[in-house]
Amino acid sequence: MTSFEAHLKSGEEYLKAARPDLALPELLQALEQSAPGERRMRISNTIARVQDLMGHRKEAIQSFESTLAEPETGERSVREQKAVALNNLAWIYFKTGDEQAEATAAKAYAAAPENGAIVDTYGWILLANGKTDEAVAVLREAVANSEEPGNAEIRFHLASALVESGEVVEAKGVLEELLDSDVDFESKQDAESMLKNL
């Protein structure tokens, strides 16, 4: 096993053990030793997510930007990693109130319109920015491009946009179907509360 492989393996094992503090130095070592390309970009994106999880947003932004600075090879996997970096960068910008969030999410959406999670980020940011009609259309795409049951949060986002646009009957149907499925998701309590208030 090479030094690169050892660091990468250790970093992945620490992540599985919920020890991002120990994973990060291992992943950084692996990144230093990796060749340019999709694998390096994947490691850089993982590092950025770990940094964000640990509350190191400035470093996470730099890591996502590092992924975006990798040369374009025309390979699908490289494009996908760049879209992931743009999406996660947009989400950090959104969480911190940075006005670049929507434009960055739009770039991610343009790069990977078939990825439900990326489309969802863009739609949710549009909704937060008061662009309700556009958000409904984009979030419909996100639901269509994502698989159940993993799309529960996305369907909640669509229901939220439908409520904002005045399409209460459809929103109620989405929420009832979602909550009847017994799938657990981050905004489940918000969905239950929203349904009670419709």
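Treat the numbers as computed from the prediction; the structure is a model and nothing was measured.

Draft legend 1. Here's a closer look at unusual backbone geometry. In this structure, Ala18 takes a positive phi of about 60° despite not being glycine. As for its position among the elements, Ala18 is in the loop between α1 (3–16) and α2 (20–33).

Draft legend 2. View of the packing of α1 against helix α3 (residues 38–53). One way to put it is that α1 packs onto α3 with a least axis distance of 13 Å and a crossing angle of 35°. Relative to α3, the crossing made by α1 is left-handed. Taking contact as the criterion, the partners of Phe4, Leu8 and Leu15 in α1 are, on α3, Arg39, Ile43, Thr46 and Val50. Of the residues contributing to the contact of α1 with α3, the split by class is five nonpolar, one polar and one charged.

Draft legend 3. Main features of the side chain of Lys82. Here Lys82 is to be found in helix α5 (residues 76–95). Setting aside residues no more than four positions away along its own chain, Lys82 makes contact with Met41, Thr67, Leu68, Glu70, Pro71 and Glu72.

Draft legend 4. Region of interest: the nonpolar core. Counting 39 residues, the largest nonpolar core has Phe64, Tyr122, Phe156, Leu162, Leu175, Phe185 and Ala191 as its most contacted members. When residues of this core are traced back to their parent elements, those giving at least two are α4 (57–69), α5, α6 (101–111), α7 (116–128), α8 (132–144), α9 (152–164), α10 (168–180) and α11 (188–196). The element contributing the most residues to this core is α9, with seven residues. Leaving out residues up to four positions away in the same chain, Ala191 has contacts with Phe156, Leu175, Leu179 and Phe185. Ranked by size, the runner-up nonpolar core spans 10 residues in total, among them Phe4, Leu24, Ile47 and Val50.

Draft legend 5. Spatial organisation of the side chain of Glu70. The topology assignment puts Glu70 in the loop between α4 and α5. Residue contacts for Glu70: discarding those within four places in its chain leaves Pro36, Gly37, Arg40, Met41 and Lys82.

Draft legend 6. Structural view of the environment of Glu192. Looking at the element boundaries, Glu192 is found in helix α11. Judged by its relative accessible area of 34%, Glu192 is partly exposed. Put simply, Glu192 and Leu179 are 13 residues apart on the chain and 7.4 Å apart in space, counted from C-alpha to C-alpha.

Draft legend 7. Representation of α9 in the model. With 13 residues, α9 should reach 18 Å at 1.5 Å per residue; the first-to-last C-alpha distance of 19 Å fits that figure. Of all 13 residues in α9, 11 are buried; the element is thus mostly enclosed. Buried residues of α9: Ala152, Glu153, Ile154, Arg155, Phe156, His157, Leu158, Ala159, Ser160, Ala161 and Leu162, and no others. Tucked inside the fold, the buried residues of α9 contact α7, α8, α10 and α11.

Draft legend 8. Looking closely at the pattern of salt bridges. Counted under the stated rule, the structure contains 11 salt bridges. The closest approach of N and O atoms between Asp21 and Arg19, which form a salt bridge, is 2.7 Å. Take Asp21: its relative accessible area is 36%, and that puts it in the partly exposed class. Each of the salt bridges in this network shares a partner with another, and the network as a whole consists of Asp52, Arg57 and Lys95.

The rules behind the values
- Residues numbered from 1 in each chain as written.
- Predicted model: local features only at pLDDT ≥ 70, side-chain atom pairs only at ≥ 80, totals over all residues.
- Heavy atoms only, no water.
- Helix = DSSP H or I, 4+ residues; strand = E, 2+ residues; numbered from the N terminus.
- Axes fitted to C-alpha atoms, helices over the stretch in contact; angles between N-to-C directions.
- Left-handed = near helix turned anticlockwise from the far one by under 90°.
- Contact = heavy atoms within 4.5 Å.
- Nonpolar A, V, L, I, M, F, W, Y, C, P; charged D, E, K, R; others polar.
- Core = buried A, V, L, I, M, F, W, Y, C linked by side-chain atoms within 4.5 Å.
- Buried < 20%, exposed > 50% of the residue type's maximum accessible area, 1.4 Å probe, protein only.
- Expected span 1.5 Å × (residues − 1).
- Salt bridge = Lys/Arg side-chain N within 4 Å of Asp/Glu carboxyl O.

So, to be careful, I would describe these as geometric facts and stop short of saying anything about function.
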